[in-house]
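Per-entry structural report
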Amino acid sequence: MLRPRCASCDEIVTQGEYTKAMNKDWHSGHFACWNCDQGLTGRRYILREDHPYCVKCYEDIFANSCEECNVIIGTDSKDLSYKDKHWHEKCFACSQCRLSLVDKPFGARNDRLFCADCHDENFASRCDACGKVFKAGTKKLEWKGQSFHEECFTCLICQQPIGTASFIPKEEAPYCTKCYEDRFATRCSKCSQVITSGGVTYKGEPFHRECFNCFECGVSLAGQRFTSRDERPFCAECFGKLFAKKCADCGQPITGIGGTKFISFEDRHWHNECFVCRRCETSLVGRGFITEAEDILCPECGRPSW
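Here is a short report on the structure shown in this document. Small disclaimer: the values here were computed from a predicted structure and weren't measured.

The secondary structure content of the protein chain amounts to four helices and 22 strands. For 306 residues, the compact-globule formula gives about 19 Å, and the C-alpha radius of gyration of the protein chain, at 52 Å, lies well above that figure. Principal-axis analysis of the C-alpha atoms gives the protein chain an extent of 175 × 50 × 30 Å. Taken over 306 residues, the protein chain has a buried fraction of 31%. A fraction of 12% describes how many contacts in the protein chain between residues 6 or more apart in sequence connect residues 24 or more apart. Total accessible area computed for the protein chain in this model is approximately 20400 Å², and 45% of it derives from carbon and sulfur atoms.

So, in structure tokens, the structure goes:
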């Protein structure tokens, strides 16, 4: 039968009492505190790096001091730690209201612990509208260096929350799209609806491109040549039909649009290109001419034949 050997002296334990500890066999007098060498047989001990220590030596050497009361946190007490600092369970409390922080959310500021409510009250940023703090998990909206609760960021006119919807700023204030359009947006002089993009201005009045039409035929005049009569816009074709002088040669309107040049004589008018000798068709623009009944002739064709 194999006899056990002492883990301390490596001698065979032959007689007397011996101790089994740490899965080893010891002479009763050899199982002792690693620091003070006091026997641990029948006593409480604590292992540290595979060495046994009596409770007193362990607490003297390794136990932490409480940040609150400066008393050693003994082996019979729970040691609560945060950022290399330690507290007794009963001392781990809010520095302001003394509420226990065990298993509760907390914050730290200037080496002091605060419960969530006290931390928010003292240090959390506040809404620029209502002045209340932003609780943990609360959505915060920021605009122009200010912070708002989602429900506090509202339209200046209707006071409805804008939240994360689109808005339009004007004079340092936010407006929802509807209120901005109702108060500030440019409206078409014809249909009174908001002009959101593009548009045409005529005589100081704004129009949708599709609303700026010929007074006679209704064709859109946006981007087209037009002229006006009695404050009303007309396309070139309608203006020519309704108001323009008619060329005495071709019978077509002389609109003047686009810099069209024409010749007038007595009560008759011609396009420049139509003002030609009736017989030889030589242009008479800038030249003398002779009339013969309804015809105009160059001096050569109008010379008597005898």
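By size, the foremost hydrophobic cluster in this structure holds 14 residues, and its most contacted members are F212 and C214. Elements with a minimum of two residues in this core: β13 (200-202), β16 (232-235) and α4 (236-242). Contacts of C214, omitting those with residues within four sequence positions, involve V219, L221, P233, F234, C235 and C238.

With that settled, consider helix α2 (residues 116-123). All of the buried residues in α2 are C118, H119 and D120. Of the surrounding elements, those touching the buried residues of α2 are β7 (106-109) and β8 (112-115).

By the definition in use, this model includes 22 aromatic pairs. A centroid spacing of 5.1 Å and a plane angle of 55° characterise the contact between W270 and F275, whose relative ring orientation is tilted. Across the pair, exposure class does not vary: W270 and F275 are buried alike. K140 extends its terminal NZ or CZ atom over the ring of F134, reaching a point 5.4 Å from the ring centre. The positively charged end of K170 is found above the aromatic ring belonging to F184, 4.9 Å away from the centroid.

Once that is clear, we can look at the environment of H88. Mapped onto the fold, H88 is located in strand β6 (residues 85-88). Judged by relative accessible area, which is 8%, H88 ranks as buried. In sequence terms H88 and C54 are 34 residues apart; their C-alpha atoms lie 21 Å from each other. The contacts of H88, once residues within four sequence positions are left out, are C66, C69, V71, I72, I73, S77 and K78.

What follows covers the pattern of salt bridges. Within the structure shown, the criterion is met by 16 salt bridges. A salt bridge links E142 to K140; the shortest N-O distance between them is 4.0 Å. K241 is the partner of E237 in a salt bridge, and the nearest nitrogen-oxygen pair spans 3.1 Å. Of this pair, E237 and K241 both sit in helix α4, four residues apart, which is roughly one turn of the helix. Owing to a relative accessible area of 53%, E237 belongs among the exposed residues under this scheme. One connected set of salt bridges, linked through shared partners, spans K178, D182 and R187.

The next thing to look at is the side chain of N272. As for its position among the elements, N272 is in the loop between β20 (268-271) and β21 (290-292). Separated by 3.4 Å, the side chain of N272 and the backbone nitrogen of F262 make a polar contact. If we skip the residues at most four places from it in the chain, N272 touches K261, F262, I263 and V285.

This part covers the pairing of β7. The side chains of a regular strand alternate, residue by residue, between the two faces of the sheet. Note that β7 and β8 share four bridges and pair antiparallel. Residue pairing in the sheet places A108 in a bridge with L113 of β8. Counted along the chain from β7 to the antiparallel partner β8, the turn is two residues long, and its residue N110 has a positive phi close to 55°.

Roughly 270 Å³ of internal volume is contained in the largest pocket. K85, W87, D111, R112 and L113 are the residues nearest the centre of the largest pocket, which is lined by 17 residues in total. Counting only elements with at least two residues in the lining of the largest pocket, the list comes to β6, β7 and β8.

Here we come to the environment of E89. Looking at the element boundaries, E89 is found in the loop between β6 and β7. In this structure, the C-alpha to C-alpha distance between E89 and V102, residues 13 residues apart in sequence, is 7.2 Å. Apart from the residues within four sequence positions on either side, E89 is in contact with K78, L80 and V102.

Rules behind the numbers
- Residues numbered from 1 in each chain as written.
- Predicted model: local features only at pLDDT ≥ 70, side-chain atom pairs only at ≥ 80, totals over all residues.
- Heavy atoms only, no water.
- Helix = DSSP H or I, 4+ residues; strand = E, 2+ residues; numbered from the N terminus.
- Rg over C-alpha atoms; globule rule 2.2 N^0.38 Å.
- Buried < 20%, exposed > 50% of the residue type's maximum accessible area, 1.4 Å probe, protein only.
- Contact = heavy atoms within 4.5 Å.
- Areas by Shrake-Rupley, 256 points an atom, 1.4 Å probe, with all protein chains shown as cover.
- Core = buried A, V, L, I, M, F, W, Y, C linked by side-chain atoms within 4.5 Å.
- Phe/Tyr/Trp six-rings, centres within 6.5 Å; stacked < 30°, edge-to-face > 60°.
- Lys NZ or Arg CZ within 6 Å of the ring centre and 35° of its normal.
- Salt bridge = Lys/Arg side-chain N within 4 Å of Asp/Glu carboxyl O.
- Polar contact = N/O pair within 3.5 Å; in protein donor to acceptor, adjacent residues only side chain to side chain.
- Pairing = 2+ DSSP bridges.
- 1 Å grid on protein atoms, 1.4 Å probe; cavity = no way out; pocket = protein on both sides within 12 Å on 5 of 7 lines; lining within 4 Å.
- Points joined across faces, edges and corners; volume = space filled by probe spheres on them.

The quantities given are spatial measurements derived from coordinates; they are silent on function.
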